[in-house]
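Here is what each chain is made of, one letter per residue.
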Amino acid sequence: SEIIEAHFPQSSWKSPWTVYFSKAVQDAHRLVSSSAHVEFRLNIVESDGRSLLELDPIYNHDRFSLSHRDTEAAVEGGDEWIRRRDAWIKIDADKFKKIKANIERLHLQPGPTGFTFPASQREHVLEVFSLLGSIQHSEAYAEFLTKLADFEKIEHSPLPTSLRPGIQFRTYQQHGYNWLAFLHRFGLNGILADDMGLGKTLQTLA
């Protein structure tokens with residue numbers, strides 16, 4: 001049968017012998033040593049009634065994907081390889097260290113799966129990490145962008161019960177209030193640009 005030379009992933013192991021595996025054995029124990037293509041998945045997570053953006057780095061090695069946490073555990077443990085199903089995957093330590101350094105520099109916080117940040121930092125965060133990999137939008141994040149561009153697509157927000165009984169909002173005032181509630185939820189700033197006397201103060205106080 002066809003015989004193929006192979007090497008063990010353990011860099012500390014030395015042997016005077018050359019080790020050979022049959023092709024069948026090699027196919028069952030692949031070595032994936034190519035550099036990782038990093039994909040940053042953008043999502044929205046809820047925290048104490050507010051919404052934050054979340055950046056989740058995924059390290060793609062051929063058909064295998066490693067999470068940032070798995071990669072971090074390997075690097076901190078001094079491991080160069082991770083076992084996944086029928087393959088050994090070589091950790092891309094250089095890319096991991098660059099990503100970790102930027103996470104710390106931008107003060108991103110650990111989230112459910114990735115790292116969270118307020119929407120006000122969105123442009124700067126995406127500018128930095130787009131240089132290190134590709135950006136992928138989740139469905140929730142794509143919906144956020146749609147609402148940011150068209151306030152009429154923002155959900156209706158009930159008025160606070162602390163308003164004086166009998167106060168009624170006109171349709172455009174309700175739109176303005178919905179817009180402000182949406183901005184507050186994501187920690188963003190905004191401008192109400194109605195003409196004078198149309199109730200900007202009332203919308204803002206509400």
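Up top is the structure these notes are about.
Here's a quick rundown of the structure.

Here's the deal with the overall build of the chain
When you go through the chain residue by residue, the secondary structure sums to 7 helices and 11 strands. Residues counted as buried form 33% of the 206 residues belonging to the chain. Counted over contacts in the chain with a minimum sequence separation of 6, partners at least 24 positions apart contribute 54%. Here the chain displays about 12900 Å² of accessible surface, and carbon together with sulfur accounts for 52% of that area.

Here's the deal with the packing of helix α3 (residues 93-105) against helix α4 (residues 122-129)
The contact between α3 and α4 brings their axes to 11 Å, and the two run at 160°. The angle between α3 and α4 places the two elements in the roughly antiparallel class. As α3 packs across α4, the resulting crossing turns out to be right-handed. Contacts between α3 and α4 pair I99, N102, I103 and R105 from the former with H124, V128 and F129 from the latter. Of the residues that constitute the contact of α3 with α4, the class distribution is 4 nonpolar, 2 polar and 1 charged.

Digging into the side chain of N178
With respect to the helices and strands, the residue N178 is situated in helix α6 (residues 171-186). Non-local contacts of N178, meaning those with residues more than four positions away in its chain, are made with I154, E155, H156 and S157.

Considerations on the nonpolar core
If you look at the biggest cluster of nonpolar residues, it comprises 37 residues, and the most contacted ones within it are L55, L108, F129 and F144. Discounting residues that sit within four places of it in the chain, F144 has contacts with I44, L53, A119, R122, F182, F186 and L188.

Points about the sheet that holds strand β7 (residues 81-84)
Strand order across the open sheet formed by 3 strands is β3-β8-β7, with mixed pairing between neighbours. The sheet terminates laterally at β3 (30-32) and β7, the two strands that pair on one side only. Recorded for the sheet is a direction-independent mean angle of 25° between the axes of neighbouring strands. Note: β7 against strand β8 (residues 87-90), 4 bridges, orientation antiparallel. Bridging across to β8, R83 finds its partner in W88.

Side note on α3
Spacing of three or four residues puts side chains on the same side of an α-helix, whose turn is 3.6 residues. Compared with an ideal rise of 1.5 Å per residue, which puts 13 residues at 18 Å, α3 spans 18 Å between its outermost C-alpha atoms and is within 8% of the ideal. Against β4 (37-47), β5 (50-61), α2 (68-76), β10 (115-117) and α4 lie the buried residues of α3. The positive-phi residue at the C-terminal boundary of α3 is H107, with phi of around 60°.

Topic: the packing of aromatic side chains
Scanning the model with the defined rule gives 7 aromatic pairs in all. Each ring, one from F169 and one from Y177, has its centre 6.2 Å from the other, and the planes form 90°; the classification is edge-to-face. Overall, the relative accessible area of 10% leaves Y177 in the buried class. Aromatic rings pair up to connect Y141, F144, W179, F182 and F186 into one cluster.

Observations concerning α6
A rise of 1.5 Å per residue sets the reference length of α6, with its 16 residues, at 22 Å; its end C-alpha atoms lie 23 Å apart and thus fit the reference within 8%. Residues of α6 that are buried: Q173, Q174, G176, Y177, N178, W179, F182, L183 and F186. For α6, the elements touching its buried residues are β4, β5, α5 (139-149) and α7 (200-205). Once α6 finishes, G187 follows within two positions and takes phi at roughly 70°, a positive value.

How each quantity is defined
- Residues numbered from 1 in each chain as written.
- Predicted model: local features only at pLDDT ≥ 70, side-chain atom pairs only at ≥ 80, totals over all residues.
- Heavy atoms only, no water.
- Helix = DSSP H or I, 4+ residues; strand = E, 2+ residues; numbered from the N terminus.
- Buried < 20%, exposed > 50% of the residue type's maximum accessible area, 1.4 Å probe, protein only.
- Contact = heavy atoms within 4.5 Å.
- Areas by Shrake-Rupley, 256 points an atom, 1.4 Å probe, with all protein chains shown as cover.
- Axes fitted to C-alpha atoms, helices over the stretch in contact; angles between N-to-C directions.
- Parallel < 35°, antiparallel > 145°, perpendicular 65-115°, else oblique.
- Left-handed = near helix turned anticlockwise from the far one by under 90°.
- Nonpolar A, V, L, I, M, F, W, Y, C, P; charged D, E, K, R; others polar.
- Core = buried A, V, L, I, M, F, W, Y, C linked by side-chain atoms within 4.5 Å.
- Pairing = 2+ DSSP bridges.
- Expected span 1.5 Å × (residues − 1).
- Phe/Tyr/Trp six-rings, centres within 6.5 Å; stacked < 30°, edge-to-face > 60°.

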